[in-house]
Amino acid sequence: QVQLVESGGGLVQPGGSLRLSCAAASGSIFTINRMGWYRQAPGKERELVASITRGGVTNYADSVKGRFTISRDNAKDTVNLQMNSLKPEDTAVYYCHVDFYSGMDYWGKGTLVTVSS
């Protein structure tokens, strides 16, 4: 079983910054391939925010390009999302997601990000 521990959500004013972190705690012998962040705003579907492969290839939603940066530490199985120039429309529950080369994938419980003045 893989546990994803997320941290870093909260309330921030428009234009502010937050950093989300996710640590994968696992006794699995399998290797994580891709790590990423999704978000779900009230009344909307869950959407990909950003992802990063083990080799460092990144993918971003168009709405966050140039404002968010994803990074990971392969040795520690952690992934971070640096969010700058936050907008009210970034308000959502953010979920960490990992998938293994074995094909299994896991979700975190989510952390709330609220952008409001």
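In case you missed it, the structure is sitting above this.
Residues numbered from 1 in each chain as written. Predicted model: local features only at pLDDT ≥ 70, side-chain atom pairs only at ≥ 80, totals over all residues. Heavy atoms only, no water.

A. The nonpolar core, seen in detail. Residues Trp37, Leu81, Met83 and Tyr94 are the most contacted members of the largest nonpolar core, which totals 31 residues. At the level of elements, β1 (2–7), β3 (18–26), β4 (32–40), β5 (47–52), β7 (68–73), β8 (78–83), β9 (92–100) and β11 (111–115) are the ones that each hand at least two residues to this core. The greatest single-element share of this core, amounting to five residues, is contributed by β9. When near neighbours in sequence (up to four residues on either side) are disregarded, tyrosine 94 contacts Glu6, Leu20, Trp37, Tyr38, Arg39, Val49, Phe68, Leu81, Met83, Gly110, Thr111 and Val113. (Core = buried A, V, L, I, M, F, W, Y, C linked by side-chain atoms within 4.5 Å. Buried < 20%, exposed > 50% of the residue type's maximum accessible area, 1.4 Å probe, protein only. Helix = DSSP H or I, 4+ residues; strand = E, 2+ residues; numbered from the N terminus. Contact = heavy atoms within 4.5 Å.)

B. Quick look at the pairing of β8. Buried residues dominate β8, accounting for five of its six residues. Between β7 and the antiparallel strand that follows it, β8, lie four residues; aspartate 77 among them carries a positive phi value of about 55°. (Pairing = 2+ DSSP bridges.)

C. Expanded view of the environment of threonine 31. Relative to the elements of secondary structure, threonine 31 occurs in the loop between β3 and β4. Overall, threonine 31 belongs to the partly exposed group, its relative accessible area being 33%. Residues threonine 31 and aspartate 99, spaced 68 residues apart in sequence, show a C-alpha to C-alpha distance of 8.8 Å. If sequence neighbours within four positions are ignored, threonine 31 has contacts with Arg54, Phe100 and Tyr101.

D. Main features of empty space enclosed by the protein. Inspection of the entire model under this criterion finds one cavity of 30 Å³ or more. Estimated volume of the largest cavity: approximately 40 Å³. Together, Arg34, Met35, Gly36, Tyr38, Leu48, Ser51, His97 and Asp99 line the largest cavity. Only β4, β5 and β9 provide two or more residues apiece to the lining of the largest cavity. Tallying contributions element by element places β4 first for the lining of the largest cavity, with four residues. Its residues assigned to classes, the lining of the largest cavity shows three nonpolar, three polar and two charged. (1 Å grid on protein atoms, 1.4 Å probe; cavity = no way out; pocket = protein on both sides within 12 Å on 5 of 7 lines; lining within 4 Å. Points joined across faces, edges and corners; volume = space filled by probe spheres on them. Nonpolar A, V, L, I, M, F, W, Y, C, P; charged D, E, K, R; others polar.)

E. Representation of the pattern of salt bridges within the structure. Under the criterion given, the structure shown has five salt bridges. Within the structure, one salt-bridge network assembled from shared partners comprises Arg39, Glu47, Arg67 and Asp90. (Salt bridge = Lys/Arg side-chain N within 4 Å of Asp/Glu carboxyl O.)

F. Geometry of unusual backbone geometry. Backbone geometry places aspartate 77, a non-glycine residue, at a positive phi of 55°. Its location among the elements puts aspartate 77 in the loop between β7 and β8. Located in the positive-phi region is serine 85, a residue other than glycine, with phi close to 50°.

That is the geometry; function is a separate question.
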